[in-house]
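A look at the structure
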Amino acid sequence: MTARRQPNPNSESVDNYLKAILALGGPEENRVPSNALSQRLSVAPASVTNMLQKLAAGSPPLVKYERHRGVLLSAAGKKRALEVVRHHRLIETFLYEVLDYPIEEVHEEAERLEHFISERFEERIAAKLGHPKLDPHGHFIPTMDGAMPRQNSVPLTEVLHEGVYTVASISDLDASILKSLKTSGIAAGVTLRIKSRNTEADYVLSIGRSTKVLHLTHDSAHAIRINPPHGER
C-alpha cells in the first residue's frame, strides 16, 4: 500500500523557494547564493535573506543556511521540493497529452496548480498517464517516493564540436523560446546535427536528416539540453 503523506503546511511561496534551490543547486546539490535566488524568483535580496532564515529556523528546518555561504536543502526541504516538482511535471503532461494544451502554455498552468492538488488527484493523474517517467519537455518526473535519475545532459551552449546529438530536454521557463523551438521542430528526443558556431550568439544546425539550416540565438541554444556522446558522460 502506498504510504500516505501528511497534509502540506507550506505556503506557495515556500514551495517556490524550495524548487528554486533544488534547480539552482543542480545534480551536485551545490550551495546556492542568495543573489541567484533573488534573480530566479524576482524577489528583493533582503526578502530572500528573511525567507531563508525562516526556512532554516522551522521545525523541521527546510534548508541549511549560512549568511555569505549560500543555502542547501535539508532532507525535509528536498523531499518537499521533489514532491512539488512531481506535481508540476505530472500536471504538465496531463495538460499536454490529455487536454491538448499547446506545449508553451503548460508550464504557467502547472505553476498555478502544483501546490494544491491532493495525493489522490496526483495518483489518478499518474495512473491515467501510465506512470510516465518524462514530462513533455523531456524532464524526469520524480517517483512517488522522491527518486529521480541523475541528469547527464548539458546545455547546447557547452557543445564545442560539430556532431550529431540527441535533445534531452527543453527548458520551460521562457514560453516564447519554447514556442519558437517547437515551430522549428526542436523538441525532446529530436536529433540535431551541429554544424558550426559563427559567433558566440549564433548556433548553426539542422534537424535529423534535413538539409535545412537553422540559426539559433544564444538564449535559444541555452534552453536546449543535449545528451553528450557515449563515453563523455
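Each chain carries its own residue numbering, running from 1 in the direction its sequence is written. With pLDDT at 70 or above as the cut-off, local features in this predicted model cover only qualifying residues; side-chain atom pairs require 80 or more to be listed or tallied, and sums for whole chains, interfaces and linings still use all residues. Heavy atoms from the whole structure form the basis of all side-chain values; hydrogens and water molecules are not counted.

1. Observations concerning the overall build of the chain
- Counting from the N terminus, the helices are the DSSP runs of H or I reaching at least four residues and the strands are the DSSP runs of E reaching at least two. A tally of regular secondary structure across the chain gives eight helices and eight strands.
- Radius of gyration: over C-alpha atoms. The globule rule applied is 2.2 Å multiplied by the number of residues raised to the 0.38 power. Radius of gyration (C-alpha) of the chain: 19 Å, near the 17 Å computed for a compact globule of 233 residues.
- Only protein chains enter the calculation, and the probe is 1.4 Å; a residue is then buried if its accessible area is under 20% of its type maximum, exposed if over 50%, and partly exposed in between. Across the 233 residues of the chain, 40% fall into the buried class.
- Of the contacts formed within the chain by residues at least 6 apart in sequence, a portion of 60% connects residues at least 24 apart.
- When the accessible surface of the chain is totalled, it reaches about 13,200 Å², and 52% of it is carbon and sulfur. Any two residues having at least one pair of non-hydrogen atoms within 4.5 Å are treated as being in contact. Surface accessibility follows the Shrake-Rupley procedure with a 1.4 Å probe radius. Residue values consider only the protein chains on display as shielding.

2. Brief notes about the pattern of salt bridges
- Any Lys or Arg side-chain nitrogen located within 4 Å of an Asp or Glu carboxyl oxygen qualifies as a salt bridge. Taken as a whole, this structure holds 11 salt bridges when the rule is applied.
- Residues Lys 78 and Glu 29 are paired through a salt bridge, measuring 2.6 Å at the closest nitrogen-oxygen approach. Highlighted residues: Lys 78 in helix α4 (residues 75-97) and Glu 29 in the loop between α1 (12-25) and α2 (34-41), separated in sequence by 49 residues.
- When its relative accessible area of 45% is taken as the criterion, Glu 29 is described as partly exposed.
- One salt bridge connects Glu 66 with Arg 31, and the closest N-O pair in it is separated by 3.2 Å. Linking Glu 66 in strand β1 (residues 63-66) with Arg 31 in the loop between α1 and α2, this pair joins segments that are 35 residues apart in sequence.
- On the basis of relative accessible area, Glu 66 is assigned to the partly exposed category, the value being 35%.
- Here Arg 31 falls in the partly exposed class, since its relative accessible area comes to 27%.
- One continuous salt-bridge network, built from bridges that share partners, spans Asp 15, Arg 80 and Glu 83.

3. Brief notes about the side chain of Asp 172
- Mapped onto the secondary structure, Asp 172 falls in the loop between β4 (163-170) and α7 (175-184).
- Here the positive residues are Lys and Arg and the negative ones are Asp and Glu; neither His nor the chain ends is included. Summary of buried charges: Asp 172 has no salt-bridge partner, and the nearest side chain of opposite charge, Arg 89, is 6.1 Å away.
- Contacts described as polar in this section are N or O atom pairs within 3.5 Å, which, within protein, must combine one atom able to donate a hydrogen with one able to accept it, while residues neighboring in sequence count only if both atoms come from side chains. Reaching out from Asp 172, the side chain makes a polar contact with the side chain of His 107 at a distance of 3.1 Å.
- Apart from residues lying up to four places away in sequence, Asp 172 is in contact with His 88, Glu 92, His 107, His 137, His 139 and Leu 178.

4. Re the nonpolar core
- Working definition of a nonpolar core: buried Ala, Val, Leu, Ile, Met, Phe, Trp, Tyr and Cys residues. They are joined through side-chain atoms within 4.5 Å. Counting 22 residues, the largest nonpolar core has Leu 156, Leu 181, Ile 186, Leu 192, Leu 205, Leu 216 and Ile 224 as the members making the most contacts within it.
- Listing elements by their share of this core, those giving two or more residues are β4, α7, β5 (191-199), β6 (202-207), β7 (214-216) and β8 (224-227).
- Core analysis: the next-biggest nonpolar cluster, separate from the first, contains 17 residues, Ile 21, Leu 37, Leu 55 and Leu 62 among them.

5. Thoughts on helix α5 (residues 106-113)
- Those residues of α5 lying buried are Val 106, His 107 and Ala 110. Looking straight down α5, one finds that the buried residues subtend no more than 95 degrees of arc, so they occupy a single side. In this context, the arc is that of the directions from the helix axis out to the C-beta atoms.

6. Section: the packing of α1 against helix α3 (residues 45-56)
- Axes here refer to lines fitted to C-alpha atoms; in helices the fit is confined to the stretch in contact. Angles between the N-to-C directions go from 0 to 180 degrees. With their axes 11 Å apart at the nearest point, α1 and α3 run at an angle of 95 degrees to one another. Compared by their axis directions, α1 and α3 come out roughly perpendicular. Between α1 and α3, the residues in contact are Ser 13, Val 14, Tyr 17, Leu 18 and Ile 21 and Ser 47, Val 48, Met 51, Leu 52 and Leu 55, respectively.
- Looking at the contact of α1 with α3 residue by residue, the classes come out as eight nonpolar, two polar and no charged. Orientation categories follow fixed angle ranges, with anything under 35 degrees roughly parallel, anything over 145 roughly antiparallel, 65 to 115 roughly perpendicular, and all other angles oblique. Ten residues, namely Ala, Val, Leu, Ile, Met, Phe, Trp, Tyr, Cys and Pro, are considered nonpolar, four, namely Asp, Glu, Lys and Arg, are considered charged, and the remaining ones, Gly among them, are considered polar.

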